[in-house]
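Each chain, letter by letter, is given below.
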Protein chains: 2
Amino acid sequence: MRELPSLEKLALSFSKLPGIGSKSAERMAYAVLRMEKEDRDAFASSIKEVGERIAKCPVCGLYREGDSCPSCDEEGRERSLLCVVEGDRDATTIEKAGYRGLYHVLGGVISPSKGLLPEGLSIQSLLERVKAGSFQEVILALSPTIEGETTSLYVSKLLSPTGVKVTRLGYGLPMGGSLDYADGLTIEKAFEGRKKI
Amino acid sequence: MRELPSLEKLALSFSKLPGIGSKSAERMAYAVLRMEKEDRDAFASSIKEVGERIAKCPVCGLYREGDSCPSCDEEGRERSLLCVVEGDRDATTIEKAGYRGLYHVLGGVISPSKGLLPEGLSIQSLLERVKAGSFQEVILALSPTIEGETTSLYVSKLLSPTGVKVTRLGYGLPMGGSLDYADGLTIEKAFEGRKKI
């Protein structure tokens, strides 16, 4: 029986990525094998580079490449707004939607079943930032799930002694969708959040 | 607006893999960023290694790691049988199914719309191998598609002057499935290929 240990090793690396099963990992490893040497070298070096060049901002927790934080150190940002997100990608999504305040990355939401307790998240540093800063509003932009809701509640209680206004994103019908496809809970939340027109 | 050029470069490499869109590629790039340094280094080096260590056997076209071909040079193989496959992965599948003859990798099937003409496939080298060798049977194990069928027909006509028996894999109901789920063409082929019990 034939063996390609290098290929199997590569497939193993691919299978560690989110959502990649062993079949897909194998297919990807073969695709790498078929790549031009140039593309393969670029691939390998970018994997090393992300690790070497990108680091977390010690203040907000966002990834940054270079010495200055793209959010904390950028001029012209609305410094009275602080948006709390689970991870880096959420900040990118929110940024694309037009938000231009500051950020705070929690690193996840409280989920005891996944071993994520408040101590494992950047909640303490958030509290210190809010106490020390001059924020007028803290916007909790966490996932609309039980874990996200629980975390929002936990964080808002912790922040309440500081007197800063704490909000969460609105829930309701997603834009562009059909009412037909919305689930009962979303419709319930849309009713709760209805607005006068 | 924040920029992470290293991450984008890595996402671009991921998006060149089959079936990976830009969203998945970005998610994977972030996953690499979150990896332990050790895992990331192993990933990068295996990408380089598959290119350096794995090469195609000049005889059958199968990938091999090391000097000897896992098929051509393995002792105890049935050297009177030659199985023609589109690609390397098909050979792996066939090997798992218990086949222990020799292989010949075509590199695809004839598909003018995709720019794959007979000259671009290892058909000439197959003909030479069959002429020179002592094969009793050439088994065409190509995909049961129009392109696969056309290629099988083309190859079998080319091989007919050599007098070697040329066969193709049987078509019919896939094992373990329900008749309900089989399409009309498969059932038609299953009728054609029916056997006395």
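Reading guide: rules and limits
- Residues numbered from 1 in each chain as written.
- Chains lettered and ligands numbered in written order.
- Predicted model: local features only at pLDDT ≥ 70, side-chain atom pairs only at ≥ 80, totals over all residues.
- Heavy atoms only, no water.
- Helix = DSSP H or I, 4+ residues; strand = E, 2+ residues; numbered from the N terminus.
- Rg over C-alpha atoms; globule rule 2.2 N^0.38 Å.
- Buried < 20%, exposed > 50% of the residue type's maximum accessible area, 1.4 Å probe, protein only.
- Areas by Shrake-Rupley, 256 points an atom, 1.4 Å probe, with all protein chains shown as cover.
- Lys, Arg positive; Asp, Glu negative; His and termini not counted.
- Charge placed at Lys NZ, Arg CZ, Asp CG, Glu CD.
- pLDDT = per-residue confidence, 0-100.
- Least-squares fit on C-alpha atoms with pLDDT ≥ 70 in both.
- Contact = heavy atoms within 4.5 Å.
- Pairing = 2+ DSSP bridges.
- Axes fitted to C-alpha atoms, helices over the stretch in contact; angles between N-to-C directions.

(A) How the structure looks around the overall build of chain A. The secondary structure content of chain A amounts to seven helices and six strands. Seen in sequence order, chain A has helices and strands lined up from the N terminus as α-α-α-β-β-β-α-β-α-β-α-β-α. The C-alpha radius of gyration computed for chain A amounts to 21 Å, which surpasses the reference 16 Å derived for 197 residues by more than 25%, pointing to a less compact arrangement than a globule. Reported as C-alpha extents along the three principal axes, the dimensions of chain A are approximately 65 × 45 × 35 Å. Counting only residues that meet the buried cut, chain A has 42% of its 197 residues in that class. Summed over its atoms, the accessible surface of chain A is roughly 11,400 Å², and 53% of this surface lies on carbon and sulfur atoms. Positive and negative side-chain charges of chain A, numbering 27 and 28 respectively, have mean locations separated by a distance of 2 Å.

(B) Representation of the confidence of the model for chain A. For chain A, the mean per-residue pLDDT works out to 90, and 99% of the residues sit at or above 70. The complex model carries a pTM of 0.74, and its ipTM stands at 0.75.

(C) View of the relation of the copies chain B and chain A. The transformation that overlays chain B on chain A combines an axial shift of 0.0 Å with a rotation of 180 degrees, and the residual RMSD is 0.1 Å. With respect to symmetry, the two chain copies, as superposed, fit the operation of a two-fold axis. Identified as the residue of chain B closest to the rotation axis by C-alpha distance is Ala44(B), at 2.2 Å. The overlap is high: 98% of the interface residues of chain B also sit at the interface in chain A, so the same surface is used on both sides.

(D) View of the sheet that holds strand β6 (residues 165–168) of chain B. All names here are of chain B. If you trace the four strands from one edge of the open sheet to the other, you get β4-β3-β5-β6, paired in parallel fashion. Looking at which strands have only one partner, the edges of the open sheet turn out to be β4 (101–105) and β6. The sheet shows a mean angle of 25 degrees between the axes of neighbouring strands, direction not considered. With five bridges connecting them, strand β3 (residues 78–85) and β4 associate as parallel partners. For Leu82, the partnering residue across the bridge sits in β4 and is Leu102. Contacts between helix α5 (residues 123–132) and the sheet are confined to β3, β4 and β5 (137–140), with β4 contributing the most and set at about 150 degrees to the helix. Its contacts with the sheet place helix α6 (residues 146–159) against β5 and β6, and it is angled at close to 165 degrees to β5.

(E) Highlighting the environment of Val130(B). Residues and elements named next belong to chain B. By the element assignment, Val130 lies in helix α5. Each C-alpha atom of the pair Val130 and Gly98 lies 23 Å from the other, and the pair is 32 residues apart in sequence. Once residues lying within four places of it in the same chain are set aside, the contact partners of Val130 are Leu82, Phe135, Val138, Leu159, Thr162 and Val164.

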